[in-house]
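# Descriptive analysis of the structure
Next come the chains, spelled out residue by residue.
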Amino acid sequence: MRPAPSTAAHRAAAAPHTHRVAVLAYDGMAPFELGVVVEVFGLARPELDERTRGWYSLDVCAEVPAAPLAAVGGFVLQASHGLDVLARADTVIVPGQPVDRPVSPPLVDALRDAHARGARIVSICSGAFALAAAGLLDDRAAATHWRYAATLQERHPRVRVDPEVLYVDDGDVLTSAGSAAGIDLCLHLVRRDHGAEIANHVARRLVVAPHREGGQAQFIEQPMAAGRGAGEDAIARTMDWALERIAQPLPLEQLAAQAHLSPRSFTRHFRRATGTSPTRWLLDQRVRASLALLEGSDLAVEHVGDQVGIPSPAAFRRHFARAMGVSPAGYRRAFRAREAA
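Residues numbered from 1 in each chain as written. Predicted model: local features only at pLDDT ≥ 70, side-chain atom pairs only at ≥ 80, totals over all residues. Heavy atoms only, no water.

### Here we look at unusual backbone geometry
- Within the chain, Ala-66 stands out as a residue other than glycine whose phi angle is a positive 70°.
- On the secondary structure map, Ala-66 appears in the loop between β2 (56-61) and β3 (69-71).
- Using a relative accessible area of 46% as the deciding quantity, one classes Ala-66 as partly exposed.
- Although it is not a glycine, His-260 adopts a positive phi angle of roughly 60°.
- Residue classification places His-260 among the exposed residues on the basis of a relative accessible area of 73%. (Helix = DSSP H or I, 4+ residues; strand = E, 2+ residues; numbered from the N terminus. Buried < 20%, exposed > 50% of the residue type's maximum accessible area, 1.4 Å probe, protein only.)

### Side note on the pairing of β2
- Most of β2 sits inside the fold, with six of its six residues counted as buried.
- Of the two faces of β2, the one lined by Tyr-56, Leu-58 and Val-60 and the one lined by Ser-57, Asp-59 and Cys-61 are each fully buried.
- By the bridge criterion, six bridges tie strand β1 (residues 19-24) to β2 in an arrangement that is parallel. Bridge pairing in β2 places Arg-20 opposite Ser-57. (Pairing = 2+ DSSP bridges.)

### A closer look at the pattern of salt bridges
- Taken as a whole and assessed by the stated rule, the structure comprises ten salt bridges.
- A salt bridge links Arg-158 to Asp-139, with the nearest nitrogen and oxygen atoms 2.4 Å apart. Here Arg-158 is found in the loop between α6 (149-155) and β8 (160-161), whereas its partner Asp-139 is found in the loop between α5 (128-133) and β7 (141-142), with 19 residues between them in sequence.
- According to the relative accessible area criterion, Asp-139 is partly exposed, its value standing at 46%.
- Taken together, the salt bridges that share partners define one network made up of Asp-138, Asp-139 and Arg-158. (Salt bridge = Lys/Arg side-chain N within 4 Å of Asp/Glu carboxyl O.)

Here's what the structure looks like:
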């Protein structure tokens, strides 16, 4: 595995407000989740310098620095840093951990210390088991891969495990579902730190959607229905069609007609493909489309919703608060306060 581009020399040249990210590597790990973190936080992005007021620096660490770590697939990793970098990190990320062996006491202590110091703690997939072992998920909602949700709940009954969501943002502690959901969560962190426009840019570089709707329910093993592929192709085409017309009224009947399905069949296929209803998906897409307007324009909040297909200001505020956990005006204030900091 090639060294992460975010080296010590790169950090020294970075702006003093560079956000330090530390990610854990371990013996026997599958490299995909580590690769996601390196891709999002480890690559220099000079094209964004003028818009981000700095970027991230990344340290890959292990419990024993420079020790060879066997990776799934038959190659070896080496991390230059030990767990001491967690004491300097602004964000600590723990990829999926083996669920059949205990979390080591040194890692538990390092996670607790980093959290107590004010670092943002993040897990991907079964990395939630490490956070739970450190007590960081007690009395919190948390996500992990749907295959491990029951085990996590059984071992740590104080954790409120949600087996359906792609990720959970609980402020200073964030958890995600399986490996690909780590991409969703990493992009969410960029969105939190730098706004929707920058997160969308990173998503385009990754060639992924900037935000996926639905939850893990769509991925849980279930019998394959006959004709499912054709129906879901029609759903995908209709979703693309709707996104191009996000500001227009798009009743269920019109969406179903675009897919050449009855409203009832369209709703069934849509929920099976996405894990959510057409109405909820469309509302969430409209809320996401409003983020760039709240961040980059001075358009009055009561008019922003109208630009993305929610003409009622009261309805826009209600749907925005449900999706984002804050009012549109509060989101704009928080984003601009971050920009000014």
